[in-house]
Amino acid sequence: MRWQALLGEGLGRVAGRFARVEPRRRAGRFVAGLLSGLSRVNCWTIAERVGERTPDGMQHLLSRASWDADGVRDDLRGWVLEHLADSDAVLVIDETGDLKKGTETVGVQRQYTGTAGRIENSQMSVFLTYSARRGHTLIDRELYLPQSWAEDPVRRERAGVPAGTGFATKSALALSMIIRALDAGTPAKWVTGDEAYGKDGAGLRDPLETREQAYVLAVACDHRVPGPSNVRVDELAGRLPKRAWQKLSAGPGAKGHRYYLWTRIRLNPAGKSGHHWALMRRNQRTGETAFYRCYSPHPASLPELARIAGRRWTIEETFQTGKELTGLDQHQVRTWTSWYRWTTLVMLAHAFLAIASAHARADTTPGLISLTRNEIRHLYSKLVIEPAYTTIDTLGWSQWRRRHQHRAKTSHYQRRHQDHDLQLEY
């Protein structure tokens with residue numbers, strides 16, 4: 001099957017990042033497990049699905065095996081570019097939060113997360129998506145380490161946080177990933193992201209302008225545009241006549257093109273070169289207005305700026321498919337190393353689906369829609385993974401689970417008896 005060859009190609013690209021053949025092969029089985037359609041994805045379920053007798057090997061792969069997760073990330077980016085790259089591509093930055101219990105998992109604290117829409121006990125991470133005409137997928141990731149963690153050496157050591165890792169804002173993490181991609185020769189004409197990143201002038205917008213990297217970054221309604229009056233961007237929008245707005249598409253969505261009213265105002269920040277604009281998007285039905293700061297070293301039309309602003313949805317769609325299809329948010333790991341390894345292998349699985357669906361769109365059958373990532377994952381699981389699963393595997397895992405549960409039960413009762421004996425002594 002061509003999908004097996006394609007996934008083999010991706011795994012072959014990263015093979016040199018593993019010190020031994022055993023973890024390299026196990027990483028391939030791990031990725032296959034991520035693609036197998038499990039309702040719950042963790043080391044136990046993956047190991048059972050791919051025919052391993054216990055989860056020990058998968059846990060070892062994520063925690064102690066010798067391999068370079070950052071090297072795999074770099075090879076993964078090269079593989080994605082080989083199949084999806086185009087000169088008009090966009091680098092999209094955004095964060096996502098995973099709700100967690102307890103306080104021992106690296107980076108977890110009570111903080112706002114858009115996943116829940118409120119302050120929750122969660123772990124935050126920042127991702128970079130490569131969004132091109134043929135498809136989009138994640139090419140980089142960074143775990144956000146709050147100040148409460150960065151300043152606590154005991155927690156850092158328990159979670160395996162590298163000694164040289166300090167506190168960095170989400171904008172700083174985003175900038176480091178963008179620079180890493182651009183320095184590696186990633187073709188990308190624009191950068192886009194939401195207002196959490198657009199508001200950071202000194203930390204993100206200015207460094208991008210120094211590199212002459214064009215961007216369209218959302219800002220809040222109270223953002224003040226540069227100039228003598230230092231006026232709020234929403235006040236500026238309120239002064240514009242009706243004729244200043246144009247109906248333009250923000251790009252195709254699930255139900256066709258997404259049309260809004262758009263306008264822009266040229267800005268002239270003191271001491272800066274290039275072309276700067278305040279971009280505005282208004283919903284025709286509700287009147288709700290969104291705002292953006294834009295920069296390009298070369299002239300850009302209003303339709304192009306609208307199109308780039310609309311590309312931000314691709315990272316939202318990538319998060320959704322990454323979580324639903326490859327277990328991006330289902331990791332049950334606590335340490336720094338394990339988080340980066342889990343996430344990197346998930347990105348590899350998702351990249352496979354993105355590349356496979358891009359090829360499928362180029363090979364259409366009359367009367368059928370092209371194969372989607374969801375359908376490719378489903379077929380791969382049914383045609384490749386499940387036939388390799390045997391009755392012996394099923395019985396073996398039943399015995400392993402019961403044996404593990406017996407040990408846990410025995411240990412629990414022993415602790416209760418010890419606590420009871422201590423109480424009697426006092």
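Here, the structure is the one placed above.
This structure is a prediction, so every number in the text was calculated from the model and none was measured. (Residues numbered from 1 in each chain as written. Predicted model: local features only at pLDDT ≥ 70, side-chain atom pairs only at ≥ 80, totals over all residues. Heavy atoms only, no water.)

### Focus on the nonpolar core
One finds Leu91, Trp262 and Phe352 to be the most contacted residues of the largest nonpolar core, which totals 106 residues. Residue contacts for Phe352: discarding those within four places in its chain leaves Trp3, Leu6, Leu7, Leu35, Trp79 and Tyr380. The next biggest cluster of nonpolar side chains, apart from the first, holds 12 residues, and it includes Val231, Val233, Ala237 and Trp245. (Core = buried A, V, L, I, M, F, W, Y, C linked by side-chain atoms within 4.5 Å. Buried < 20%, exposed > 50% of the residue type's maximum accessible area, 1.4 Å probe, protein only. Contact = heavy atoms within 4.5 Å.)

### Overview of the packing of aromatic side chains
A complete count under the given rule lists 11 aromatic pairs for this structure. Relative to Trp339, the ring of Phe127 lies with its centre 6.5 Å away and its plane at 50°, an arrangement referred to as tilted. In this pair, Phe127 is assigned in strand β3 (residues 118-131) and Trp339 in helix α14 (residues 336-361), connecting sequence segments 212 residues apart. This pair shows no difference in class: Phe127 is buried, exactly as Trp339 is. Ring centres of Trp336 and Tyr340 lie 5.1 Å apart, and the angle between their planes is 40°; this geometry places the pair in the tilted category. (Phe/Tyr/Trp six-rings, centres within 6.5 Å; stacked < 30°, edge-to-face > 60°. Helix = DSSP H or I, 4+ residues; strand = E, 2+ residues; numbered from the N terminus.)

### Quick look at the packing of helix α1 (residues 2-14) against helix α15 (residues 373-385)
At a closest axis distance of 11 Å, the pairing of α1 and α15 adopts a crossing angle of 105°. By the angle between their axes, α1 is roughly perpendicular relative to α15. Within the contact between the two elements, α1 uses Trp3, Gln4 and Leu7 and α15 uses Ile376, Leu379, Tyr380 and Val384. In terms of residue class, the contact of α1 with α15 is built from 6 nonpolar, 1 polar and no charged. (Axes fitted to C-alpha atoms, helices over the stretch in contact; angles between N-to-C directions. Parallel < 35°, antiparallel > 145°, perpendicular 65-115°, else oblique. Nonpolar A, V, L, I, M, F, W, Y, C, P; charged D, E, K, R; others polar.)

### Looking at helix α10 (residues 201-210)
Every buried residue of α10 is accounted for by Gly201, Leu204, Arg205, Leu208 and Glu209. Axial view of α10: buried residues confined to an arc of 120°, hence all on one face. Residues of α10 that are exposed and angled more than 90 degrees away from the buried face: Ala202 and Thr210. A distance of 2.7 Å separates the backbone nitrogen of Gly203 from a side-chain oxygen at the start of α10, and that oxygen is part of Asp200. Where α10 terminates, the next one or two residues include Glu212, which has phi positive at roughly 55°. (Arc of directions from axis to C-beta. Polar contact = N/O pair within 3.5 Å; in protein donor to acceptor, adjacent residues only side chain to side chain.)

### Concerning helix α5 (residues 69-84)
Here α5 is 16 residues long and its end C-alpha atoms lie 22 Å apart, about the 22 Å a rise of 1.5 Å per residue gives. Where burial is concerned, most of α5 is hidden: 12 out of the 16 residues are buried. Looking at the buried positions of α5, the neighbouring elements they touch are α1, β3, β4 (136-143), α8 (170-183) and α14. Capping of α5 at its N-terminal end is provided by Asp68; its side-chain oxygen lies 3.2 Å from the backbone amide nitrogen of Asp70. (Expected span 1.5 Å × (residues − 1).)

### With respect to the pattern of salt bridges
The tally for this structure, following the rule as stated, stands at 26 salt bridges. Between Asp183 and Arg211 there is a salt bridge whose closest N-O contact spans 3.0 Å. Of the two residues, Asp183 is situated in helix α8 and Arg211 in the loop between α10 and β6 (214-219); the sequence distance between them amounts to 28 residues. In this structure Asp183 comes out as exposed when scored by relative accessible area, which is 53%. What you see here is one network of salt bridges that share partners, running through Asp70, Arg73, Asp74, Arg77, Asp140, Arg141, Glu142 and Arg180. (Salt bridge = Lys/Arg side-chain N within 4 Å of Asp/Glu carboxyl O.)

### A short note on the pairing of strand β1 (residues 90-99)
With 8 of 10 residues buried, β1 lies mostly within the body of the structure. Note: β1 against β3, 10 bridges, orientation antiparallel. Directly across from Gly97, in β3, lies its bridge partner Met124. With 4 bridges connecting them, β1 and strand β5 (residues 190-193) associate as parallel partners. Along β5, the bridge assignment pairs Leu91 with Val191. (Pairing = 2+ DSSP bridges.)

### Let's talk about the packing of helix α13 (residues 313-326) against α14
The description of two helices packed together rests on the angle between their axes and the distance between the axes. Axis separation between α13 and α14 bottoms out at 10 Å; the angle between their running directions is 105°. Taken together, the axes of α13 and α14 are roughly perpendicular relative to one another. Across the interface between the two elements, Thr318, Thr321, Gly322, Leu325 and Thr326 of α13 pack against Val346, Ala349, His350 and Leu353 of α14. Among the residues making up the contact of α13 with α14, the classes are represented as 4 nonpolar, 5 polar and no charged.

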